Amino acid sequence: MHHFTGYELLWLFFIYSFGGWVLETVIATLKQRKFANRGLVNGPFCVIYGLTVICMSIGLQELTGFWLFAFAVIYATIAEWISGHLIEKAFGERWWDYSGRRWNLDGYICLTSSLVWGAMGYVAVHWGNYLLLTLISLLPGLLMKIVLLALAGVLFVDVMGSFLLLTGKSRYPERWEAAEQSLDKVGARLSASIAGFVERRIHKAYPKAKKAAKTPESVGQASQVRFAAGCGFYKVVSLFMIGAFLGDITETIFCRVGAGVWMSRSSVVWGPFSIVWGLAIALVSWMLYQYRNRSDRFLFLVGTFLGGAYEYLCSVFTELVFGKVFWDYSRIPFNLGGRINLLYCFFWGIAAVVWFKAFLPKVEKAIEMIPVQAGKLLVWLMVVFMSCNIAVSCMALIRYDERSRGIKAEASWQQWSDTHYDDAKLMKIYPNAVEPK
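Computed from a prediction, not measured in an experiment: that's the story for all the values here. (Residues numbered from 1 in each chain as written. Predicted model: local features only at pLDDT ≥ 70, side-chain atom pairs only at ≥ 80, totals over all residues. Heavy atoms only, no water.)

What about empty space enclosed by the protein?
No. 1: Scanning the model with the defined rule gives one cavity of 30 Å³ or more in all.
No. 2: Estimated volume of the largest cavity: approximately 40 Å³.
No. 3: Lining the largest cavity, in full, are G84, I87, E93, R94, W95, W96 and Y108.
No. 4: For the lining of the largest cavity, the secondary structure elements donating two or more residues are α3 (65-91) and β1 (93-94).
No. 5: Along the lines of polarity and charge, the residues of the lining of the largest cavity split into four nonpolar, one polar and two charged. (1 Å grid on protein atoms, 1.4 Å probe; cavity = no way out; pocket = protein on both sides within 12 Å on 5 of 7 lines; lining within 4 Å. Points joined across faces, edges and corners; volume = space filled by probe spheres on them. Helix = DSSP H or I, 4+ residues; strand = E, 2+ residues; numbered from the N terminus. Nonpolar A, V, L, I, M, F, W, Y, C, P; charged D, E, K, R; others polar.)

Next up, the structure:
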């Protein structure tokens with residue numbers, strides 16, 4: 001397995017973002033018979049392409065043939081679906097709509113586009129990354145680092161500027177004057193002019209972009225009549241904590257029933273919390289909230305595919321970062337590299353149906369009964385606690401891996417980890433963590 005450096009990942013991100021921009025711009029220009037900049041930002045970058053290929057490059061590098069293509073299709077589909085919803089939430093518009101095509105899901109994704117993106121992801125992971133990184137290694141290192149830093153700085157300014165302008169903060173000078181008394185009229189007019197240019201460019205590039213209608217849920221969420229109404233930040237964090245706790249308890253009981261032993265299944269050093277389960281519950285609730293009333297078959301199929309892709313990515317990520325394998329399904333039939341297996345993918349599908357049909361309505365009701373101010377305070381306390389918990393757990397696991405490779409403790413955090421979280425303690429917390437084969 002190739003351990004990409006931050007330098008390599010940044011270059012791949014910019015190259016594929018630029019390549020995506022070229023592809024989208026060419027297609028849009030041919031369709032409209034005039035030039036159309038299809039980037040999300042004003043620069044020549046489609047960041048969705050860059051981020052998606054980076055995710056594929058890290059998570060799918062072990063796969064080949066059909067499985068690489070299949071998972072590239074799934075990851076690309078998820079990326080396009082999430083991007084469409086985030087754009088709609090941020091800008092109140094839909095920039096593409098596949099409603100006229102067969103096998104689409106609410107116009108956000110469709111089968112034909114997913115297959116094309118999957119084929120492109122296959123080419124990128126199988127051949128593209130090696131060729132690009134080889135070419136980059138032949139160029140002067142210092143020059144490439146300078147160029148990379150410059151690109152990162154320009155993109156950051158471009159993204160922030162486009163976001164602020166497109167969300168409307170610069171279209172109304174009085175808002176800036178109220179927020180910052182020092183902003184003069186010239187700056188306000190300049191901001192309004194730039195905002196107009198950005199909006200005209202976006203609507204020229206995406207002529208089908210249209211205002212998204214507000215649903216009753218979004219209106220209720222905005223008004224915050226109840227705590228955590230809809231499926232916003234406070235609801236998602238609450239579901240994450242509940243899912244992390246219930247996931248740990250479920251796996252602990254499962255190990256007791258299946259293997260006859262009590263075994264820690266926690267992902268963190270403080271408390272019975274499974275981060276994998278918590279993230280799964282939070283993400284699937286956020287992604288599928290508007291589809292929670294769909295048929296059991298729909299939820300089962302989506303849960304099966306999403307769960308399998310998610311578990312595979314988590315397995316690769318933990319091995320790359322911590323140097324340990326936390327689960328291995330090699331002995332179970334129909335497994336893929338020991339990271340996932342068909343039976344447990346079906347479990348993910350069943351869990352999605354049970355969660356949305358049986359548990360989520362009751363959990364939502366309980367969460368929304370919490371007083372607004374108390375609920376917000378509680379959520380932020382949980383955020384602080386879990387952030388510290390994850391940070392300490394990461395340090396302990398990284399040091400756990402370093403000790404197994406004979407690396408001595410020199411930094412203060414390494415010494416602290418050795419004192420408080422030695423091998424004996426971590427073996428109790430993570431009994432299944434082993435060296436990769």
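Resuming the write-up.
Quick notes on the packing of aromatic side chains
No. 1: Throughout the structure, instances matching the rule amount to 25 aromatic pairs.
No. 2: Relative to W286, the ring of W81 has its centre 6.5 Å away and its plane inclined at 90°; by these criteria the two rings are edge-to-face. With W81 in helix α3 and W286 in helix α10 (residues 275-288), this residue pair connects regions lying 205 residues apart in the sequence.
No. 3: Judged by its relative accessible area of 5%, W81 falls in the buried class.
No. 4: On the accessibility criterion, W286 (22% relative accessible area) is partly exposed.
No. 5: Aromatic side chains F273 and F385 sit 6.2 Å apart centroid to centroid with 65° between the ring planes, which places their arrangement in the edge-to-face category. Remark: F385 occurs in helix α13 (residues 372-404) and F273 occurs in the loop between α9 (233-259) and α10; sequence separation between them is 112 residues.
No. 6: We classify F273 as buried; its relative accessible area is 13%.
No. 7: Pairwise contacts between aromatic rings join F66, W67, F71, Y75 and Y312 into one cluster.
No. 8: Its guanidinium or amino end placed over the ring of Y289, R292 lies 4.0 Å from that ring's centre, counting from NZ or CZ. (Phe/Tyr/Trp six-rings, centres within 6.5 Å; stacked < 30°, edge-to-face > 60°. Buried < 20%, exposed > 50% of the residue type's maximum accessible area, 1.4 Å probe, protein only. Lys NZ or Arg CZ within 6 Å of the ring centre and 35° of its normal.)

Some words on the pattern of salt bridges
No. 1: Taken as a whole and judged by the stated rule, the model has ten salt bridges.
No. 2: Taking the shortest distance from any N to any O, the salt bridge between R339 and E319 comes out at 2.9 Å. Of this pair, R339 sits in the loop between β5 (335-336) and β6 (340-341) while E319 sits in helix α11 (residues 296-322); the two residues are 20 residues apart in sequence, bridging distant segments of the chain.
No. 3: The class of R339 is buried, set by a relative accessible area of 5%. (Salt bridge = Lys/Arg side-chain N within 4 Å of Asp/Glu carboxyl O.)

Looking at the packing of helix α2 (residues 47-59) against α11
No. 1: Running from amino to carboxyl end, α2 crosses α11 at an angle of 70°, the nearest separation of the two axes being 9 Å. Taken as axis vectors, α2 and α11 run roughly perpendicular relative to one another. From α2, C55, I58 and G59 reach across to α11, where they touch Y312, L313, V316 and L320.
No. 2: Taken together, the residues of the contact of α2 with α11 sort by class into six nonpolar, one polar and no charged. (Axes fitted to C-alpha atoms, helices over the stretch in contact; angles between N-to-C directions. Parallel < 35°, antiparallel > 145°, perpendicular 65-115°, else oblique. Contact = heavy atoms within 4.5 Å.)

Considerations on unusual backbone geometry
No. 1: We note that D106 has phi near 55°; this positive angle belongs to a residue other than glycine.
No. 2: If you check the backbone angles, F334 has positive phi at about 55° while not being a glycine.
No. 3: Within the fold, F334 resides in the loop between α11 and β5.

A look at the side chain of T304
No. 1: Structurally, T304 can be placed in helix α11.
No. 2: A polar atom in the side chain of T304 sits 2.8 Å from the backbone oxygen of F300.
No. 3: Among all residues touching T304, those that are not within four sequence positions of it are C345, F346, W348 and G349. (Polar contact = N/O pair within 3.5 Å; in protein donor to acceptor, adjacent residues only side chain to side chain.)

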